[in-house]
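Architecture at a glance
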Amino acid sequence: MKRKKKIAAFTMSIALVGSLLSTGAVPASGNEKTPSMNTSKLLNVAHRGASGHAPEHTIPSYQLGEEMKGDYIEVDLQMTKDGTLIAMHDESVDRTTNGTGLVKDYTLEQIKELDAGSWFNEKYPEKADSAYEGIQVPTLEEVIQTFGTGARYYIETKSPDVYPGMEEELLRVLNKYHLTGVNERSSKVFIQSFSQESLLKMHNLNPNLPLIQLISYKEPATISEEELQELSEYAVGVGMSASKIDETYVQQVRNAGLLIHPYTVNDKEQMTRLLDWGVTGMFTNYPDVLNDVLHGK
Ligand code: G3P
Ligand code: CA
């Protein structure tokens, strides 16, 4: 990870840390060699919804994620030409809609004309459902309005360099729906990004937000104590490709008192291995499969 300017201090409130600790969402202490932690609630993050079953980042996909008892709805964000945050993984609409071109060149009205479901029926005829035909790309606000403030959201700022102001707009939406705090079980949102700059911006806008630093590794992952220390100043955890890590890496992160949520884990064997290594949750396109593993089925 590139070194960026140091932020002033690790300012996450004691109340937030205490609340997360009580749920096992955060390891109990970074000072112990092996942090003790209530692992009864390992986080099952429905990656782009239950996107192994339904078109990613659509209401039906998120709905299935909830029905399959995902703990968090994962939402990737892009921003329209007129400044609305929408749920989409790619900067371009080409892969997941019937349109072409970049999201940044579309107004919200134009985005809403696109069909975000038929591509899935064509690509996965065995999973096709006529209900997916013609479904719209949801805005972040529509997702929150649909699933409410009782649901939990794991939101990623995608391509923040392309969308100046996306962090401020995200915070405006989170504030509007009172999603910036924590409830008695855990945080209502995690904010994740591969961009350290974007996370630092979020941290400066609201130091109480639980942030997850995504890290892209080309080689097998290693992490230094210095990097872990720097991460701990603004983030509560890290996410990275499950295929790049090993048990040593997981334990290093846990010993630093950070959460570790690898992506994207779709088969039972890999889920079991990661749980044995001590991850605190994971992203999956199949929250139903992860729940089977978590419940020993
Ligand atoms: O956010 C975790 C994981 O989703 C990162 O990869 O490309 O699926 O957003 P991506
Ligand atoms: Ca993502």
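For the protein chain, the name recorded in an unreviewed UniProt entry is Glycerophosphodiester phosphodiesterase, with Guptibacillus hwajinpoensis as its organism.

Below, the discussion takes up the overall build of the protein chain. For the protein chain, the helix and strand inventory stands at 11 helices and 9 strands. With 297 residues in all, the protein chain has 56% of them scored as buried. Long-range pairs, those at least 24 residues apart, make up 60% of the contacts in the protein chain between residues at least 6 apart in sequence.

A word on the coordination of the calcium ion (ligand 2). Around the calcium ion (ligand 2), the protein contributes the donor atoms Glu74 (OE), Asp76 (OD) and Glu156 (OE), which lie 2.1 to 2.3 Å from the metal centre. Of note is the calcium ion (ligand 2), whose 6 donor atoms meet at the metal with angles of 57 to 159° in an arrangement that counts as irregular.

Structurally, the position occupied by Ile155 is in strand β4 (residues 153-157). In sequence terms Ile155 and Ala87 are 68 residues apart; their C-alpha atoms lie 9.4 Å from each other. Contact partners of Ile155, with chain neighbours within four places excluded, come to Val75, Leu77, Leu140, Leu170, Leu174, Val189, Phe190, Ile191 and Gln192.

What follows concerns helix α6 (residues 166-176). Of all the residues in α6, the buried ones are Met166, Glu167, Glu169, Leu170, Leu171, Val173 and Leu174. Packing partners of the buried residues in α6 comprise β2 (72-79), β3 (85-87), α5 (140-147), β4, β5 (189-193) and α7 (196-205).

Surrounding ligand 1, one finds His47, Arg48, Glu74, Asp76, His89, Glu156, Lys158, Gln192, Phe194, Leu214, Tyr263 and Phe283. Contact distances for ligand 1 include 2.7 Å between an oxygen atom and a side-chain N or O atom of His47. Gln192 has a polar side-chain atom sitting 2.5 Å from an oxygen atom of ligand 1. Classifying every residue of the shell around ligand 1 gives 4 nonpolar, 3 polar and 5 charged.

Basis of the calculations
Residues numbered from 1 in each chain as written. Chains lettered and ligands numbered in written order. Predicted model: local features only at pLDDT ≥ 70, side-chain atom pairs only at ≥ 80, totals over all residues. Heavy atoms only, no water. Helix = DSSP H or I, 4+ residues; strand = E, 2+ residues; numbered from the N terminus. Buried < 20%, exposed > 50% of the residue type's maximum accessible area, 1.4 Å probe, protein only. Contact = heavy atoms within 4.5 Å. Donors = N, O, S within 2.8 Å, 3.2 Å for Na, K, Ca; no water. Tetrahedral: all angles 85-135°; square planar, octahedral: opposite > 155°, others 65-115°. Near = heavy atom within 4 Å. Polar contact = N/O pair within 3.5 Å; in protein donor to acceptor, adjacent residues only side chain to side chain. Nonpolar A, V, L, I, M, F, W, Y, C, P; charged D, E, K, R; others polar.

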